[in-house]
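Each chain is listed here by its residues.
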Amino acid sequence: MECVFGLVGNDFAVVVADTSAVHSILVHKSNEDKIMILDSHKLIAASGEPGDRVQFTEYIQKNVALYQFRNGIPLTTAAAANFTRGELATALRKNPYSVNILLAGYDKETGPSLYYIDYIATLHKVDKGAFGYGSYFSLSMMDRHYHSGMTVEEAIDLVDKCIMEIRSRLVVAPPNFVIKIVDKDGAREYAWRESVKDAAVASA
């Protein structure tokens, strides 16, 4: 029951993901960070099969770093999104990845942006987007309350509304969420919304 969503505000983009690692009827952990920091000003949030999600996002992260190392300049957010889309499209005809991605970034020239990339390599630049069962509720909440030029406070308030709606409406709702933000100061973790904490493992 994965939930990944994001939106673009005034000079920033925010991305939110649940933190549950689930297989079948088992919850393995509830603090799995599904939002990776690609570089200083980019975030990649992914949902899908856990192995594909981890392997593919790490592959993209390392290739983005390799490009910057080779050329001395970082990829723009649009370029990183198109590279990601190209890799998914290539894999689609060989060994496809079951992974859906929201890629957020901030560029000095163009400001914040958010890209929607699904498992069949569809790429769209969007103001708001979501994946997973939680998208049924988060998209409707964002359709109702989102407006361009939102402040950070307004965006976080909307994020909290989405999380509350998911928790109250989704039959098997993930308990915890991580919120990350990217703006002119870089990509960083903003907050966690936790209702369940993983118990510490007792020492033998």
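Under an unreviewed UniProt entry, the protein has the name Proteasome subunit beta and belongs to Hibiscus syriacus.

Asks: What should I look at first to understand the packing of aromatic side chains in this one?
Replies: Given two aromatic rings, one states the distance between the centres and the angle between the planes to describe the pair. Enumeration according to the criterion identifies four aromatic pairs in this entry. Centroid distance F56 to Y59: 6.5 Å. Interplanar angle 35°. Geometry classified as tilted. Here the residue F56 and the residue Y59 both occupy positions in helix α1 (residues 50–71), the gap between them amounting to three residues, near one helical turn. Judged by relative accessible area, which is 32%, Y59 ranks as partly exposed. With centroids separated by 4.5 Å and ring planes inclined at 25°, the aromatic side chains of Y116 and F131 adopt a geometry described as stacked. A residue pair is termed long-range when its members are at least 10 positions apart, and Y116 in strand β8 (residues 111–117) and F131 in strand β10 (residues 128–132) qualify at 15 residues. On the basis of relative accessible area, Y116 is assigned to the partly exposed category, the value being 24%. On the accessibility criterion, F131 (6% relative accessible area) is buried. Put simply, the rings of F56, Y59 and Y97 pair up and form one aromatic cluster.

Thresholds applied
- Residues numbered from 1 in each chain as written.
- Predicted model: local features only at pLDDT ≥ 70, side-chain atom pairs only at ≥ 80, totals over all residues.
- Heavy atoms only, no water.
- Phe/Tyr/Trp six-rings, centres within 6.5 Å; stacked < 30°, edge-to-face > 60°.
- Helix = DSSP H or I, 4+ residues; strand = E, 2+ residues; numbered from the N terminus.
- Buried < 20%, exposed > 50% of the residue type's maximum accessible area, 1.4 Å probe, protein only.

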